[in-house]
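Structural characterization, general
Residues per chain are reported as follows:
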Amino acid sequence: MANMPIRPRTKAAPPALLRVKDLSLSRGAPSLRQPFSFDGLAGWLAVIGGNGIGKSTLLLSLAGLLGEAKSKVLIPQDGSKGVTWIALDQLSAPQRARSIAWMGQSEALSGRWLVADVVALGHLPWRKTTLRDVSGQQGGLASVPGCADNKLATLDSSLAPGQSWKAALGLERL
Amino acid sequence: MLGLCLICLVLALVSLSLGSGGSVLSLWDSAEQIQSLVIEVRLPRVLGCLLAGALLGLGGLLAQSLFRNPLADPYLLGTASGASLAVTLVYAAGLGALPWPWLAQVGTVFAAFCGACLALAFSLLLRGPGTSLAIDAHANLLLAGIVVALVLGALSDLLTHLRPELLRYRLAFALGQTSLIDWGAVWQMLVGFLLLFILARLHAHVLDALILGQYTAASLGFVIEKEQAKLVAMMAASTALVVAHTGLIAFVGLLAPHVVRPFIRGMHKPLILACALAGALLLSLADLLARTLWMPQEIPTGLLTAVIGGLFLLALLKRQP
């Protein structure tokens, strides 16, 4: 895995959205404990592997949620001199949240929560938390099936199990 | 929410009119009677119970959301044991026998508050190094709280063993009393509650995010360590304020969020007010029962909240799938 660019199967190479430099994980497979580097390119990317191999730790590191890994993960920033790469530890927590979204495997979503509230949480990094802020926007309430016109819909009363995750995806603005 | 407000109001009016000796005030009573009995004795007690219950309800919600544990209560982290030891020390030093009762009361309240805050500081120090994002960080803090509570409780026991005359003060504190609430206590708790309520509302989104998990909360742009420190301080302040004036009132903080959660749609913003109202309702009800069940003798309120709260919680757990 070391120093290999990871590319999705597309004809033209898309731009890099993430750059990892000399990252090594404290847990997981031996190959992940050695420093490795790669560019994450635009498009879907799946991380696969057996139990305990370090998939979750890798994704947490890429999202800047493991403190020691923040300096090893860089994201592009548009500036007057073109695109520059900036390490995640140089960003404030809200700045990082506006750049990278992360969703865990086992968010405990209560059935009594309003879909609008859950979606509004996803807009917290922009400090937009009211219903008016999130309804109608892309990734907002309108993107959750059956909830665009029902601001009082709760997760269990209005949504099928799959749709709850759609609301959670709204939470993470994907 | 409106229903909770109305029940609280009705309960407060019943408490105001009903005395522990079985006396019932009516509109035909003289103004002097009302002045002396209601204004000076019953009103501060009724308001104090509402405020203490609201503070415990608020503290309970903060504890359960912060630790993501429905069985967490605001007395975690050793605050109650710290306050208890401080009060025992105050009486051991002879402050309780001072010729100026107001000074003794102020000293006791201040000591209880300091004891609760010191216990919290010990718990935070003992939890050990490490980032608070670690999965076991909360477990470390909870274990530290349990250790601090045990050690401080043992110190209180030792002090009482060496000075048996302290037993009655300690017992009164441990059983939880609402009969000693005066206007001074009401004002202190009112200011504290208003401040904590506003702060909790301002931090409602942090609680929402934390309940989804610490990594999710961090990914939403919160600096978790800072937010957790603020929430722990708010939880300790709410507990210390109540414990300092009433002693240990069990189960109200644990129970209040469970009572309202099934009826509230939405995340923490509506829950904060609902939990405060539920706490106020529970403690007021317990106080009323404590005064009237064995008239003219009064039962310690903390005993009743423990019995009623425990049974109620068991019933709730049984009803849930």
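Anything mentioned here points back to the structure above.
Scope of this entry: the structure provided in the associated data block. (Residues numbered from 1 in each chain as written. Chains lettered and ligands numbered in written order. Predicted model: local features only at pLDDT ≥ 70, side-chain atom pairs only at ≥ 80, totals over all residues. Heavy atoms only, no water.)

Regarding the overall build of chain A
Helices and strands together make up the secondary structure of chain A, namely seven helices and four strands. Listing the helices and strands of chain A from first to last along the sequence gives β-α-β-α-β-β-α-α-α-α-α. The buried share of chain A, taken over its 174 residues, is 39%. When contacts within chain A are restricted to residue pairs at least 6 apart in sequence, long-range pairs at least 24 apart make up 55% of them. On chain A, roughly 9800 Å² of surface is accessible, and the fraction owed to carbon and sulfur atoms is 53%. (Helix = DSSP H or I, 4+ residues; strand = E, 2+ residues; numbered from the N terminus. Buried < 20%, exposed > 50% of the residue type's maximum accessible area, 1.4 Å probe, protein only. Contact = heavy atoms within 4.5 Å. Areas by Shrake-Rupley, 256 points an atom, 1.4 Å probe, with all protein chains shown as cover.)

Some points on the overall build of chain B
A count of helical and extended segments in chain B gives 13 helices and zero strands. When its helices and strands are written in sequence order, chain B yields α-α-α-α-α-α-α-α-α-α-α-α-α. Burial analysis of chain B (321 residues in total) assigns 53% to the buried set. Counting contacts in chain B only where the partners sit at least 6 residues apart, residues at least 24 apart contribute 78% of the total. Put simply, chain B shows about 14600 Å² of open surface, and 75% of that area lies on carbon and sulfur atoms.

Focus: the pairing of strand E4 (residues 82-87) of chain A
Residue and element names in this part refer to chain A. Note that strand E3 (residues 73-79) and E4 share six bridges and pair antiparallel. Opposite Pro-76, over in E4, you have Trp-85 as the bridge partner. Here E3 hands over to E4 after two residues, the two strands then running antiparallel side by side. (Pairing = 2+ DSSP bridges.)

What to know about the packing of aromatic side chains
Given two aromatic rings, their pairing is described by the distance between the two centres and the angle made by the two planes. Taken as a whole and judged by the stated rule, the model has three aromatic pairs over all chains. An angle of 5 degrees between the planes, with centres 6.2 Å apart, marks the rings of A:Phe36 and A:Phe38 as stacked. For the pair A:Phe36 and A:Phe38, one class covers both residues: buried. Aromatic pair A:Trp102 and B:Tyr215: ring centres 5.9 Å apart, planes at 65 degrees, arrangement edge-to-face. Here A:Trp102, found in the loop between helix H3 (93-99) and helix H4 (115-121), pairs with B:Tyr215, found in helix H9 (residues 214-219), and the two come from separate chains. B:Tyr215 sits in the buried class, given a relative accessible area of 16%. Over the face of the ring belonging to A:Trp85 we find A:Arg19, whose NZ or CZ atom lies 4.2 Å from the ring centre. (Phe/Tyr/Trp six-rings, centres within 6.5 Å; stacked < 30°, edge-to-face > 60°. Lys NZ or Arg CZ within 6 Å of the ring centre and 35° of its normal.)

Description of helix H7 (residues 183-202) of chain B
Residue and element names in this part refer to chain B. Helix length check: H7 (20 residues) gives 29 Å between terminal C-alpha atoms against 28 Å at 1.5 Å per residue, within 8%. Burial in H7 covers these residues: Ala-185, Val-186, Met-189, Gly-192, Phe-193, Leu-196, Phe-197 and Ala-200. For H7, the angular spread of buried residues about the axis comes to 140 degrees, placing them on one side. H7 presents Trp-187, Leu-195 and Leu-202 as exposed residues on the side facing more than 90 degrees away from its buried surface. (Expected span 1.5 Å × (residues − 1). Arc of directions from axis to C-beta.)

With respect to the side chain of B:Ser123
Structurally, the position occupied by B:Ser123 is in helix H4 (residues 101-126). Here B:Ser123 falls in the buried class, since its relative accessible area comes to 0%.

Things to note about the side chain of B:Asp287
All names here are of chain B. Within the secondary structure, Asp-287 sits in helix H12 (residues 268-292). Taking the relative accessible area as the measure of exposure, Asp-287 reaches 1% and is therefore buried. Not counting residues up to four positions away in its chain, the partners in contact with Asp-287 are Arg-45, Cys-49, Thr-178 and Thr-301.

Re the sheet that holds strand E2 (residues 36-41) of chain A
Residue and element names in this part refer to chain A. Overall, antiparallel pairing links the four strands, which are arranged E2-E1-E3-E4 in an open sheet. Both outer strands of the open sheet, E2 and E4, are each paired with one neighbouring strand and no more. Between one strand axis and the next, the sheet turns through 25 degrees on average, direction left out of account. Contacts between helix H2 (residues 55-62) and the sheet are confined to strand E1 (16-23), E2 and E3, with E1 contributing the most and set at about 110 degrees to the helix. (Axes fitted to C-alpha atoms, helices over the stretch in contact; angles between N-to-C directions.)

Remarks on the pattern of salt bridges
All names here are of chain B. Overall, the coordinates contain six salt bridges over all chains when judged by the stated rule. Put simply, Asp-287 and Arg-45 hold a salt bridge, and the shortest N to O gap is 2.7 Å. Taken together, the residues Asp-287 in helix H12 and Arg-45 in helix H2 (residues 31-66) connect sequence positions 242 residues apart. Neither Asp-287 nor Arg-45 differs from the other in exposure class; each is buried. A salt bridge links Glu-165 to Arg-163; its shortest N-O distance comes to 2.6 Å. A relative accessible area of 32% means that Arg-163 is categorised as partly exposed. Each of Arg-45, Asp-287, Arg-291 and Glu-298 takes part in a single network of salt bridges with overlapping partners. (Salt bridge = Lys/Arg side-chain N within 4 Å of Asp/Glu carboxyl O.)

Some remarks on the packing of helix H3 (residues 79-92) of chain B against helix H6 (residues 167-175) of chain B
All names here are of chain B. Where H3 meets H6, the closest approach of the two axes is 10 Å, and the angle between their N-to-C directions is 155 degrees. When the axes of H3 and H6 are compared, the pair comes out roughly antiparallel. With respect to the hand of their crossing, H3 and H6 are arranged in right-handed fashion. Mapping the contact onto sequence places Ala-80, Ala-83, Ser-84, Val-87, Thr-88 and Tyr-91 in H3 and Tyr-169, Arg-170 and Phe-173 in H6. (Parallel < 35°, antiparallel > 145°, perpendicular 65-115°, else oblique. Left-handed = near helix turned anticlockwise from the far one by under 90°.)

Quick notes on helix H11 (residues 252-260) of chain B
Taken across its nine residues, H11(B) has nine buried, putting it largely inside the fold. Burial in H11(B) covers these residues: B:Val252, B:Gly253, B:Leu254, B:Leu255, B:Ala256, B:Pro257, B:His258, B:Val259 and B:Val260.

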